[in-house]
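Residues per chain, in single letters:
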Amino acid sequence: MKRTRAFEDVLAQIERRIAEDGLTVGDRLPGERQLAEQLGVGRSSVREALRVLETLGVVSSQVGRGPDAGAVLTSRPDTALTDLLRLNLGLATLEQREVVDARLMIERWSAAHAAATGSPAAGVAELAAAIEGMNRAATAEEFVEHDTAFHCAIADASGNRLIAAIMRSLRDAMRRNAIEAVERLGDPSVLHADHERIRAAIAAGDPEEAQQAVTDHLAHAYPALFPGH
């Protein structure tokens, strides 16, 4: 059985398809299902890759059915995508403290900004959907998949595309550290409470509470890095 490729590989494949097919601004990419079949990957990998391309301003997703559905090319892929892929490939050597410190800066700002500016309902709904996924998770790995989606959704809710792209580039490093944290805790109930607290603070428009909730959450997950907390 062929293993599903990482979404970074799918990104590179889609970039090649854009170049090889001679697509120009305004052209429509094949649909999600068609791309998955053509590339031999799962639709979830295609969906994540298209989301990153949208974050980078390469495509614009269109909601609907038939000929009006799918993603439209809004700019040619350039060094921004190449740099993102290179960053992803270089993250394996990062220490846990480096990853958590970066997350602390990004997520505190993102949560506060999302709360202060009034994150769209879709952003809050995305946080809630990730929480539901964590509640249903049967394994640490499954829990962390939704946990990672939750923390990327915090960055999305900020409305800053660059912040969102940087957060997504940390996915693999986040996932590796988070699985260790969940297994160490054993009972993820404190993490469940933290996630709901973050979501509620953003939804309520409380920047200070959102910032503090993020700090407390990371301290609960990685207590050795927050000795004075």
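Note that the structure is predicted; figures quoted are calculated from it, not measured. Residue numbers restart at each chain and count upward from 1, following the sequence in its written direction. Local features in this predicted model are restricted to residues whose pLDDT is 70 or higher, and side-chain atom pairs enter the listing and the counts only when it is 80 or higher, whereas totals over whole chains, interfaces and linings include all residues. Excluded from the side-chain calculation are hydrogens and water; included are all heavy atoms of the structure.

**What about the confidence of the model for the protein?**
Interpretation of this model should avoid reading the predicted coordinates in detail wherever pLDDT is low.
Moving on, step 1. One number per residue, pLDDT, summarises how confident the predictor is, and it ranges from 0 to 100. For the protein, per-residue confidence averages 82 on the pLDDT scale, and 85% of positions sit at 70 or higher.
Moving on, step 2. Only DSSP runs of H or I reaching four residues or more are called helices, and only runs of E reaching two or more are called strands; each is numbered from the N terminus. Mean pLDDT values for the elements of the protein range from 55 in helix α4 (residues 79-89) up to 96 in helix α11 (residues 207-221).
Moving on, step 3. Overall, residues 1-5 carries pLDDT values under 50, and its contacts beyond four positions in sequence, including any with other chains, amount to nine contacts. Only heavy atoms matter for contacts: two residues are in contact if any of them lie within 4.5 Å across the pair.

**Details of the environment of G205**
Moving on, step 1. Positionally, G205 belongs in the loop between α10 (189-204) and α11.
Moving on, step 2. Sequence separation of G205 and S119 is 86 residues, and the distance between their C-alpha atoms is 8.2 Å.

**Here's the deal with the packing of helix α5 (residues 96-117) against α11**
Moving on, step 1. Every axis in this analysis is a line fitted to C-alpha atoms, fitted for helices over the stretch in contact. Angles between the N-to-C directions lie between 0 and 180 degrees. Here α5 crosses α11 at 155°, and the two axes come no closer than 7 Å. It follows that α5 is roughly antiparallel to α11 by the angle criterion. Handedness of the α5/α11 crossing: right-handed. Here V100, R103, L104, E107, R108, A111, A112, A115 and A116 of α5 lie close against α11, whose contacting residues are P207, A210, Q211, Q212, V214, T215 and L218.
Moving on, step 2. Per-class residue counts for the contact of α5 with α11 are 10 nonpolar, three polar and three charged. Oblique is the label for any angle not covered by the other classes, which are roughly parallel (under 35 degrees), roughly antiparallel (over 145) and roughly perpendicular (65 to 115). Crossings are assigned a handedness: left-handed for a near helix turned anticlockwise from the far helix by less than a right angle, right-handed for a clockwise turn. Three residue categories are used. Nonpolar comprises Ala, Val, Leu, Ile, Met, Phe, Trp, Tyr, Cys and Pro, charged comprises Asp, Glu, Lys and Arg, and polar comprises the others, including Gly.

**Description of the side chain of R168**
Moving on, step 1. Relative to the assigned elements, R168 resides in helix α8 (residues 161-169).
Moving on, step 2. By relative accessible area, R168 is classed as buried at 4%. When a residue's accessible area, from a 1.4 Å probe over protein chains only, is under 20% of the maximum for its type it is buried; when over 50% it is exposed; and in between it is partly exposed.

**Points about the pattern of salt bridges**
Moving on, step 1. We define a salt bridge as a contact between a side-chain nitrogen of Lys or Arg and a carboxyl oxygen of Asp or Glu at a distance within 4 Å. Counting across every chain of the model gives 12 salt bridges.
Moving on, step 2. Its salt-bridge partner being D216, residue R197 comes within 2.8 Å of it at the nearest N-O pair. Placement of the pair is R197 in helix α10 and D216 in helix α11, with a sequence separation of 19 residues.
Moving on, step 3. Residue class for D216 comes out buried when judged on its relative accessible area of 11%.
Moving on, step 4. Through salt bridges with shared partners, one network takes in E48, R51, E126, D156 and R168.

**Describing the nonpolar core**
Moving on, step 1. In this structure, F150, I198, I202 and Y222 are the most contacted members of the largest nonpolar core, which totals 33 residues.
Moving on, step 2. Elements that contribute at least two residues to this core include exactly α5, α6 (121-136), α7 (140-157), α9 (171-185), α10 and α11.
Moving on, step 3. A per-element tally of this core places α7 first, with seven residues.
Moving on, step 4. Ignoring sequence-local partners within four residues, the contact set of F150 consists of L127, A130, I131, M134, H195, I198 and R199.
Moving on, step 5. The set of buried Ala, Val, Leu, Ile, Met, Phe, Trp, Tyr and Cys residues whose side-chain atoms join them within 4.5 Å is what this entry labels a nonpolar core. Grouped together as the second largest cluster of nonpolar side chains are 19 residues, L29, A36, V52 and V59 included.

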